[in-house]
Amino acid sequence: MNSKQILFNSFLQENYSPEERSLQGWMAIAGFILLTVVCYFAGVTAGLRLIYPVTALAVAVFLYLRHPILYISFTWWIWFLTPLATRLVDYRVGWDPSRQMLIAPYLVVFVTIATFLRHFPRASRQGGLPFVLAFIGVFYGFLIGLIYNPPIPVARGLMDWLSPIIFAFHLFINWRDYPSYRQNIQRTFLWCVLILGSYGVYQFVVAPEWDRYWLIQSKLFMSSGNPVPFGMRVWSTLHSVGPFGSVMQAGLLLLFTSSGNLIFPASAVGYLSFLLTQARTNWGGWLFGIIMIMGSVKAKIQMRLITIIVVMAICVVPLTTIEPIAGVVATRLETFSNLQEDGSFKDRSGSYDKNLGLALSNGLGNGLGNIWKVNEKTGQIEVVVIDSGILDMFFTLGWFGAIFYMGGLILLIVSVSSYGEGRFDSFISAARAIGISSASQLVIGSGMLSVAGMILWGFLAMAMAGHKYYSNPQMLSNIPNFSKGLPRNKLSK
């Protein structure tokens, strides 16, 4: 931290109490929400396509400098709600094929590039080598992309690939504030499951006009269902089924580490909407995460988790017996018994058979932006979907970039797998389970990009931050009676 930042922080501490700084942060967020609502209903809806991302960036910078804890939750909520805001604007003023508003979450995250650049010279010594390796891989793909691809798709690809890495690095490097960050993320995802789950159920039953309009214009009928009540696969406030499945998978696993009166209503709507996504990959990821959590915590915490699972099942299972919900869920579950005949399984298998050899023989890679092409008939930029994170890495980054990127990710997973703090801190256990279960899904999806990548890298980073926090004697001395529950090898550090 340089002298200007130290002086600035000292000024804040001397002139504003924590409560006053928190109030300022909430006022900034409230002002952003009010401005968005007023513009939407005051006849300047089209202007929101520019106003929304610009003001979101301004609020993010303010929170990053003055209230870093609130910045974290604001970032997550911008990811959660921006797609819905975009659909509402499109429904009122017409379809925007450029999807301009969706740049807002990336702008908010890219504020943390300041953290990355400030700590980059000594990041390896501080334990941030996995993030440095991944950054090198992405930067290589960026340079190759500038050679082979148009600049706008390259810039868009850079935001997709780099945002999760720099945000995760920001979470890790602020490990001294791990307890505050942990509490903030737990609270954020609790409300996320409650609100997004409730809207997901509403979306399935009612099929709001703005969601139907988006589905018709995007032509994603094969992956997102039909634009009629009880015909959609739920994606709630996100922009498609996959990202919503990733968010709910993380949120539902994180509920096991939280407490309070909202846990069970959030679980009811959360699990119901999660089932209505019909996202089998995320269902499997959730189950894998549960197994990891149960195998890494103390027996006392295991019994608590089992009790919570039983109570949640009592709340959710009766809801799944109501038609047409029962038919939708049962039909999807039946496909597990006959995957060889499933269309989605055939498509992914065919994609691997066709592209694996081609991807592995691509030494230099096609660079960032390679999944974007121009439709010769319409002149619009469209996305070429690659249903595999592994194939995407080699196609985009080539062998050189993929070795660095995958090396950083593998190093991160190996590191967090060895931590013992999960036995007494269930959040670390859950964060590790969320990160590793998300990484396991890269075989059948590009889950290292966008909001799914934020979850994958972000929660692995929080596990690292928790480990470093508990390994620091100065931090432990501030926790009363903590040494009673800490393993002896940790106390000796």
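Treat the numbers as computed from the prediction; the structure is a model and nothing was measured.

A. Spotlight on a nonpolar patch on the surface. Taken together, the side chains of Tyr202, Val205, Val206 and Phe230 make up a nonpolar region of the molecular surface, amounting to roughly 310 Å² of accessible area. Relative to the helices and strands, Val205 is located in helix α9 (residues 178-206). Residue Val205 is classed as partly exposed on the basis of its relative accessible area of 36%.

B. Focus on the packing of aromatic side chains. In total, this model carries 37 aromatic pairs according to the counting rule given. Taken together, a centroid distance of 6.2 Å and an interplanar angle of 75° make the contact between Tyr91 and Tyr213 edge-to-face. With a gap of 122 residues between them, Tyr91 in helix α4 (residues 68-93) and Tyr213 in helix α10 (residues 209-218) connect regions that are remote in the sequence. Taking relative accessible area as the criterion, Tyr213 reaches 22% and is therefore assigned partly exposed. Taken together, Phe116, Phe120, Phe131, Phe135, Phe139, Phe142, Trp161, Phe169, Phe172, Tyr405 and Trp457 form an aromatic cluster joined through their ring pairs. The ring of Trp95 carries the charged tip of Arg99 above its face, separated from the ring centre by 4.3 Å.

C. View of the confidence of the model for the protein. The predicted model of the protein has a mean per-residue pLDDT of 84, with 83% of residues at 70 or higher. The spread of mean pLDDT over the elements of the protein runs between helix α22 (residues 488-491), the lowest at 39, and helix α5 (residues 104-109), the highest at 97. Across residues 1-17, confidence stays below pLDDT 50; counting only partners more than four residues off in sequence or on other chains, it has 15 contacts. Segment residues 480-493: pLDDT under 50, and 16 contacts once partners within four positions in sequence are set aside and those in other chains are kept.

How each quantity is defined
- The numbering scheme is per chain: residues are counted from 1 as the chain's sequence reads.
- Totals for whole chains, interfaces and linings use every residue, but because this is a predicted model, local features are given only for residues with pLDDT of at least 70 and side-chain atom pairs only at 80 or more, for both listing and counting.
- Each side-chain value is worked out from all heavy atoms of the structure, with water and hydrogens disregarded.
- Think of a patch as exposed residues, more than 30% relative accessible area, with no salt bridge, where like charges cluster within 9 Å and nonpolar side chains (Val, Leu, Ile, Met, Phe, Trp, Tyr) cluster within 5 Å.
- Exposure was quantified through the Shrake-Rupley algorithm and a 1.4 Å probe, taking into account, for residues, occlusion by the shown protein chains and nothing else.
- Note on definitions: salt bridges are taken to be side-chain nitrogens of Lys or Arg within 4 Å of carboxyl oxygens of Asp or Glu.
- To qualify as a helix, a DSSP run of H or I must reach at least 4 residues; to qualify as a strand, a run of E must reach at least 2; elements of each kind are numbered from the N terminus.
- Burial classes: relative accessible area under 20% of the type maximum marks a residue as buried, over 50% as exposed, and values in between as partly exposed (1.4 Å probe, protein chains only).
- Centre distance within 6.5 Å is the pairing criterion for rings of Phe, Tyr and Trp, where only the six-membered ring of Trp is used; planes under 30 degrees apart are then read as stacked, over 60 as edge-to-face, and the remainder as tilted.
- Lysine and arginine charges are scored as sitting over a ring when NZ or CZ, respectively, is within 6 Å of the ring centre and within 35 degrees of the ring normal.
- Scored from 0 to 100, pLDDT records how confident the predictor is in each individual residue.
- Note on definitions: a residue-residue contact is assigned when non-hydrogen atoms from the two residues lie within 4.5 Å.

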